[in-house]
Every structure is written in structure tokens, then in C-alpha cells.
Amino acid sequence: MATPNWLVPHREGLHIVPIDAWIDPSTPKANALVTHGHSDHARGGHGKVLATRETLAIMDVRCGPQTGAQIATYGETLDLGGVSARFVPAGHVLGSAQIVLEYKGERIVVSGDYKRATDPTCPAFEPVNCDVFVTEATFGLPVFRHPPAAAEIATALARLAANPDRCLLIGAYALGKAQRVIAELRRAGHDAPIWLHGALLRICTLYQDFGVDLGDLRAATEAKPADLKGAIVMAPPSALADRWSRRLPEPITAMASGWMRVRQRAKQRGVELPLIISDHADWPELTATVREVAPGEVWVTHGREEALVHWCRLHQIRARALALVGRDDEDD
């Protein structure tokens, strides 16, 4: 099969040539298809935006109202003027989707960001066989192998139980990671109030509006010192060493991120308890996914592109790195 020429990579995004539309463009476009709500994929200023209902709601909160919004329902095939598009779950965050494009008998799947681990806050990744698979590679090195989230949560709760006069301060990104950690804590049986930094409140409320049960959440600014002893407090990573955290009772500083696998990163952030919880596929999941969707060609958008491209070529799969700009793999 020759490389399709109707989806063309540019540094600012993927251009669907027959309909003059772009996937996750980094600059404003007249027509944009958006895989999910993280700011390195979803930006304001587009004329028309096609995305899931949840992603559009997230964009309204983070980018302002999307006046040209069109809702894509999971599994529904849309005719965009000769090119068909179908959004299927990516398992990354609430509303995240892979975009399945078909044109003249060829199928390309643009995965956006994804993971294969279970997540109580969003539908699981659905593999789709294709001619070209467009994948991320945030953790695209063999060293990255994420442990089960439940084991990391159990470690965190055990540390807190052993230190009842302290609080557990968990740094987690505002969209996706914070809500997943909360849901995993609830699944592990922690039903006490969880106290939140103000930067996390709005997206947590949005998740709850879409039916994701996060339990009793409260603003940390409303807590009395006695409320926080033996309690869990969550904040964005930027607040872990900020003046905001100094009011907390001897916090056990934790951070939930796939990057906590790298000890130096934990040390640089002053993290006492690294929690390796990622919303991106690790190396075994990336390679297993490529095998499962069985593409003739793989395009790698960002991350550790070279290693995954090399692995594909070793397994007789054509592959290329796209080096798209504006992709931030620090959001994990």
C-alpha cells in the first residue's frame, strides 16, 4: 500500500486535504477536529470544531465558548463531504477519542493521546484495524512500564495511615489525572472528604456533571487545620512547593505522574512519595497496540518517536516520526 496522500502532516497538525480540515491543530483553523481537551491538542480560535460533547464542554471551560461546535458521538459515522469520520474512545481522559478517517477505501486512525489501563473516569480504548495508525509515544522507551494504579494508590493510603498527624498532598494535573486519582482513591475504599486546590475544582465539577462519581470534594481554603490531619489534599503540581502548601500540617508530598518513574524528576520537584500513575500508554502498551491494530504504516506524532519508529521497522512495519509542534508531554 502506498502512503495515503489525503492526510498530510504539517508541523502545526494533520491536514485532511479533501475537506480542508485539521486534526488537533496548534494554530486557529477554519475547520478543526479535536481528539481531547488537553491544551496541547485543544485550542481556541477555530471557526468550526468537531469533538465529543465532553471535550467541547472542557474547551468551553478552558478556551471559552466554541461557537462553531459540532458534537461527535462515540461510534457514529459522520460524512464530512467525501471523508467519513468516526470517534471511538481513546481511554485518555473524559471525552477523549481516536478519530477514524476513511476515504477511497483507505482507513487512517488518529489516536490522539491514549492509554490501555482501565480508568473509572472514561471509556476504555477501542482498537480499530487500519491502514495507517497515528500514535503518540510520550513513554516510548522500553524503560517505561507503568505499575497498576491500584498498587500505587494502596501505597499512598498506607503511608497516610502510618502518619495520621500529617496530610497527604498529591500533585496531579487539573484535567484527567486529578479526577482519575480521586476515582481510584474511592475505588480503594477512601470515602472521607478530599480537599482540593481551587485550580482543580472547576474540572472536577464538570466531571461530576457528566456522571463521574468523585465523592465528597471540598475546597481546601475552607478547611480548618484539624480537618487536614490524616486527610488527602490535591493540588496542581505547581502548587506543591508554593506558598499555598505551607499552611498544610506536615504534608507528605506526592505526585501522580508517569514521569515519577524517573527518580531525578521526583527529586527535582521535592516529591517524597512518587506515584507512577499515567494517562499515557507505556512501552508494552504502545507496541501491543500497534500489533493489535495491524497497520501497514505507523506515524508517530510526538514523544520518544525514534525508539517506536525503530521498533516498528524491526517488525517490518513502515514508520515515520512527524515531530508535530506544540505537543507537551509534561501533562502526565
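Presented here is an overview of the structure given in this document.

Cut-offs and rules
- Residues numbered from 1 in each chain as written.
- Predicted model: local features only at pLDDT ≥ 70, side-chain atom pairs only at ≥ 80, totals over all residues.
- Heavy atoms only, no water.
- Helix = DSSP H or I, 4+ residues; strand = E, 2+ residues; numbered from the N terminus.
- Rg over C-alpha atoms; globule rule 2.2 N^0.38 Å.
- Buried < 20%, exposed > 50% of the residue type's maximum accessible area, 1.4 Å probe, protein only.
- Contact = heavy atoms within 4.5 Å.
- Pairing = 2+ DSSP bridges.
- Axes fitted to C-alpha atoms, helices over the stretch in contact; angles between N-to-C directions.
- Salt bridge = Lys/Arg side-chain N within 4 Å of Asp/Glu carboxyl O.
- Phe/Tyr/Trp six-rings, centres within 6.5 Å; stacked < 30°, edge-to-face > 60°.
- Lys NZ or Arg CZ within 6 Å of the ring centre and 35° of its normal.

This paragraph deals with the overall build of the protein chain. For the protein chain, the count of helices and strands is eight helices and 19 strands. In summary, the protein chain has a C-alpha radius of gyration of 20 Å against a globular reference of 20 Å for 332 residues, a match within 12%. Projected onto the principal axes, the alpha-carbon positions of the protein chain cover approximately 65 × 45 × 30 Å. Counting the 332 residues in the protein chain, one finds 58% classified as buried. Taking contacts inside the protein chain between residues at least 6 apart in sequence as the whole, the part at least 24 apart equals 60%.

This part covers unusual backbone geometry. The backbone phi angle of Asp 20 is positive, close to 50 degrees, even though this residue is not glycine. The topology assignment puts Asp 20 in the loop between strand S2 (13–16) and strand S3 (21–23). Note on Asp 20: relative accessible area 44%, which makes it partly exposed. Backbone geometry at Gln 316 places phi at a positive 60 degrees, although glycine is not the residue there. Examined against the element boundaries, Gln 316 turns out to sit in the loop between helix H8 (305–314) and strand S19 (318–321).

So, on to the sheet that holds strand S1 (residues 7–10). Here we have six strands laid out as an open sheet, ordered S1-S2-S3-S4-S5-S6, and mixed in their pairing. Of all strands in the sheet, those with a lone pairing partner are S1 and strand S6 (69–71), marking the two edges. Adjacent strand axes in the sheet meet at a mean angle of 25 degrees, parallel and antiparallel pairs treated alike. Here strand S4 (residues 31–33) runs beside strand S5 (residues 48–51); their pairing, made up of three bridges, is parallel. Across the sheet, the residue bridging to Ala 32 is Val 49, located in S5. The strands that helix H1 (residues 53–63) touches are S5 and S6; relative to S5, the one it contacts most, it runs at about 130 degrees.

Summed over all chains, the structure comprises twelve salt bridges. Salt-bridge contacts for Glu 184 lead to Arg 187; the nearest nitrogen and oxygen are separated by 3.2 Å. Here Glu 184 and its partner Arg 187 are both found in helix H3 (residues 177–187), three residues apart, which amounts to about one turn of the helix. Residue classification places Glu 184 among the buried positions, given a relative accessible area of 5%. Put simply, Lys 115, Asp 119, Arg 180, Glu 184, Arg 187 and Asp 279 are held in one network by salt bridges that share partners.

Throughout the structure, instances matching the rule amount to six aromatic pairs. Summarising the aromatic geometry, the rings of Phe 139 and Trp 259 are spaced 4.6 Å apart at their centres and angled 45 degrees between planes, so their arrangement reads as tilted. Of the two residues, Phe 139 is situated in the loop between strand S11 (132–137) and helix H2 (149–162) and Trp 259 in the loop between strand S16 (252–256) and helix H6 (263–268); the sequence distance between them amounts to 120 residues. With respect to class, Phe 139 is no different from Trp 259; both count as buried. Residues Phe 144 and Trp 259 carry aromatic rings whose centres are separated by 5.5 Å and whose planes lie at 85 degrees to one another, so their mutual orientation is edge-to-face. Residue Phe 144 is located in the loop between S11 and H2, and its partner Trp 259 is located in the loop between S16 and H6; the two are separated by 115 residues in the primary sequence. Since its relative accessible area comes to 5%, Phe 144 is described here as buried. Taking relative accessible area as the criterion, Trp 259 reaches 6% and is therefore assigned buried. Among the aromatic residues, those joined into a ring-pair cluster are Tyr 114, Phe 125 and Phe 133. If you follow Arg 265 out to its NZ or CZ, it ends over the ring of Trp 259, 4.0 Å from the centre. Directly above the aromatic system of Trp 299 lies the positively charged group of Arg 320, at a separation of 5.2 Å from the ring centroid.

The next thing to look at is the sheet that holds S19. In spatial order, the strands read S7-S8-S9-S10-S11-S18-S19; together these seven strands make up an open sheet with mixed pairing. Two strands bound the open sheet, and with one partner strand each, they are strand S7 (77–79) and S19. When strand polarity is set aside, the average angle formed by the axes of neighbouring strands in this sheet is 20 degrees. Of the strand pairs in this sheet, strand S10 (residues 106–110) and S11 are connected by three bridges, and their pairing is parallel. Opposite Val 110, over in S11, you have Val 134 as the bridge partner. Those strands touched by helix H7 (residues 283–293) are S11 and strand S18 (297–303), and its axis lies near 175 degrees from that of S11.

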